[in-house]
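# Fold and geometry: a report
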Amino acid sequence: MPKRISISLPDPYYEKLEQWAELDDRTVAGLASYIVQKAIDEVEKEGKVASKKELPPNQPRP
């Protein structure tokens, strides 16, 4: 089940995120979610966090 989080960004970063989201025809929240997922995929590849397949069933992601 998807989880919700709340983040705070400095105004200039939020404005750039807003512009990017508009260019990609996404919501700001949808784009932020996509960016976080891609970043997690990258650190998994680097071995910094356990990958989904390395976690026991029903264990939350670190």
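Preceding this section is the structure that the text describes.
One structure accompanies this document, and this report is about it.

Reading guide: rules and limits
Residues numbered from 1 in each chain as written. Predicted model: local features only at pLDDT ≥ 70, side-chain atom pairs only at ≥ 80, totals over all residues. Heavy atoms only, no water. Helix = DSSP H or I, 4+ residues; strand = E, 2+ residues; numbered from the N terminus. Buried < 20%, exposed > 50% of the residue type's maximum accessible area, 1.4 Å probe, protein only. Areas by Shrake-Rupley, 256 points an atom, 1.4 Å probe, with all protein chains shown as cover. Patch = residues over 30% accessible without salt bridge, like charges linked within 9 Å, V, L, I, M, F, W, Y side chains within 5 Å. Salt bridge = Lys/Arg side-chain N within 4 Å of Asp/Glu carboxyl O. Lys, Arg positive; Asp, Glu negative; His and termini not counted. Charge placed at Lys NZ, Arg CZ, Asp CG, Glu CD.

As a further point, take the overall build of the protein chain. On a plain count of helices and strands, the protein chain comes out with two helices and zero strands. Counting the 62 residues in the protein chain, one finds 10% classified as buried. On the protein chain, roughly 5800 Å² of surface is accessible, and the fraction owed to carbon and sulfur atoms is 54%.

A cluster of like negative charges, contributed by D11, E15, E18, E22, D24 and D25, occupies part of the molecular surface. Mapped onto the secondary structure, E15 falls in helix α1 (residues 11-23). Under the relative-accessibility criterion, E15 is labelled partly exposed at 45%.

Here we take up the pattern of salt bridges. Under the definition given, this model contains one salt bridge. Across the pair K48 and E46 runs a salt bridge, and its minimum N-O distance is 3.1 Å. Given a relative accessible area of 44%, E46 falls into the partly exposed group.

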